[in-house]
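What follows is each chain in one-letter form.
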Amino acid sequence: MDERLAERIQGISPFYVMELLQRAKQLEAQGKDVIHMEIGEPDFATPPSIVDAGVKQLQTGEVKYTPAAGLPELREKIAGFYRQRYAVTVDKERIFVTPGASGAFLLALGVSLNPGEELLMSDPCYPCNSNFVKLFDGKTKTVPVDSTSRYQLTAKHIKQHWTKATKGVLIASPSNPTGTVIASEELKQAIQAVNELGGCFYSDEIYHGLAYGENASTALAFSDDVFVINSFSKYFGMTGWRIGWLIVPEAFIEATGKLAQNIFIATSTHSQYAALAAFDEYTLAELERRRAEFEARRDFLYGSLLRLGFEIPIKPDGAFYIYANCSKFTDDSYQFALDLLEAEGVAVTPGKDFGLNKANHYIRFAYTTSIDRMSIAMQRLEKFINIKDSHVRKTSICDRIKSQNPK
Ligand SMILES: Cc1ncc(COP(=O)(O)O)c(C=O)c1O
């Protein structure tokens, strides 16, 4: 390894699923049909009204830098969205337009985390957030969670794991990889606990809009003293436009503005103009149709996986993921994912991309492909499991015979 590499890079983990993706590409190049259920982005194209608004702006040629905090009219629209959807008032000065939720989190940590300070997060959780903490020379303390808390951190977890080194808590709801939404009351109590402990609360709300029961509550409904991270990537279908937003407590406005100027200068101009169309009635109606399609897919996949013998203790009620326990079939979900891809051309994400908590027993299925494609994937998965099962039965019979006749 080149000794000029920064030490902090060693603590940053790559995605295991990338290896799978690379293999999937090779198989596809050889003419094999691969069904992608590993991909964490909507398969729908960006709504045409948003694309048109972005293209129109490009055609004017006016794509110079915008103010670092974002176009004032977009910040106003985001504030309006909170009034309309959540009945919450947010001063637009607290809203910063960023290059995705990723950019939002970088800013939030940049203005609030000192080297050595710790953030509490659930295990399993989305791994990049934890890597961002390492980038700022902070530490992540992951707390193993299970279905009893909907795979979310609770006030009880927070109080139990808080130490002198703890700076704050990150909660992502709906969650990646479990797709579960934290109950409103639990969110409120978690925020209260962090406020009382004098820490920072970071709420990753990137999958808001994609909830299939009650709407997910925003942290802003319970406190102004929170960092809210959101994005146009998922619900609005704009992953590649790289645009999101961050809402900061009032005391952090000046610092966030200063940091945004320095590290991004501004978010992509045409993406900001495109996003102005994201809150139009027409666009929102289209996004609601997509949400309904995701819900139907969730129901299909949930039923199919249970029928095949996967364990899913609670029905996920958000995002577009099902985190399924596959311990009935394997003790190594990574190998299972590699073999499934190789044998049947179905790509899924192994649990170890999301932490250490029983990760070898979990697989994340993303329903970012049609029900028709998923139903073929389920047939292939069934075949794979049956072959694997008969192989296991055969080898265990062999083992038994061998142990009875050691020679
Ligand atoms: C939980 C969570 N947070 C943040 C992000 C980052 O999203 P983006 O930077 O595209 O807005 C993702 C992306 O998959 C995610 O799943």
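Residues numbered from 1 in each chain as written. Predicted model: local features only at pLDDT ≥ 70, side-chain atom pairs only at ≥ 80, totals over all residues. Heavy atoms only, no water.

Student: Help me out: how do you make sense of the site of the ligand in this one?
Tutor: In the neighbourhood of the ligand, the contacting residues comprise Gly100, Ala101, Ser102, Tyr126, Asn176, Asp204, Ile206, Tyr207, Ser231, Ser233, Lys234 and Arg242. Interatomic distance of 2.8 Å between a side-chain N/O atom of Tyr207 and an oxygen atom of the ligand. In isolation the ligand has 400 Å² of accessible area, and contact with the protein removes 92% of it. A total of three residues in the shell around the ligand trace back to one element, the largest contributor, which is helix H4 (residues 100-112). (Near = heavy atom within 4 Å. Polar contact = N/O pair within 3.5 Å; in protein donor to acceptor, adjacent residues only side chain to side chain. Areas by Shrake-Rupley, 256 points an atom, 1.4 Å probe, with all protein chains shown as cover. Helix = DSSP H or I, 4+ residues; strand = E, 2+ residues; numbered from the N terminus.)

Student: Before we go on, may I ask you to explain the sheet that holds strand E6 (residues 200-204) in this structure?
Tutor: Backbone-to-backbone hydrogen bonds join strands into a sheet, with any given pair of strands oriented parallel or antiparallel. Pairing within the open sheet is mixed, and its seven strands lie in the order E2-E8-E7-E6-E5-E3-E4. Each having just a single partner strand, strand E2 (95-98) and strand E4 (139-144) make up the two edges of the open sheet. Sheet twist, expressed as the average angle between the axes of neighbouring strands with direction ignored, equals 25°. Packed onto the sheet, helix H3 (residues 72-86) meets E2, strand E7 (227-231) and strand E8 (244-247) and runs at close to 115° relative to E2. (Pairing = 2+ DSSP bridges. Axes fitted to C-alpha atoms, helices over the stretch in contact; angles between N-to-C directions. Contact = heavy atoms within 4.5 Å.)

Student: How should I be thinking about the packing of aromatic side chains in this particular structure?
Tutor: The description of two aromatic rings rests on the distance between their centres and on the angle between their planes. Considering all chains together, one arrives at 28 aromatic pairs under this definition. Taking 5.4 Å as the distance between ring centres and 75° as the angle between the ring planes, the aromatic pair formed by Phe236 and Phe279 counts as edge-to-face. Highlighted residues: Phe236 in the loop between E7 and E8 and Phe279 in the loop between helix H9 (269-275) and helix H10 (281-308), separated in sequence by 43 residues. You can call Phe236 buried: its relative accessible area is 2%. Three or more aromatic residues joined by ring pairs make a cluster, and in this case those are Phe81, Tyr82, Tyr86, Phe232, Tyr235, Phe236, Trp245 and Phe279. Residue placement shows Arg75 over the ring face of Phe96; its charged tip is 5.6 Å from the ring centre. The ring of Tyr16 carries Lys352 above its face, with NZ or CZ at 4.3 Å from the centroid. (Phe/Tyr/Trp six-rings, centres within 6.5 Å; stacked < 30°, edge-to-face > 60°. Buried < 20%, exposed > 50% of the residue type's maximum accessible area, 1.4 Å probe, protein only. Lys NZ or Arg CZ within 6 Å of the ring centre and 35° of its normal.)

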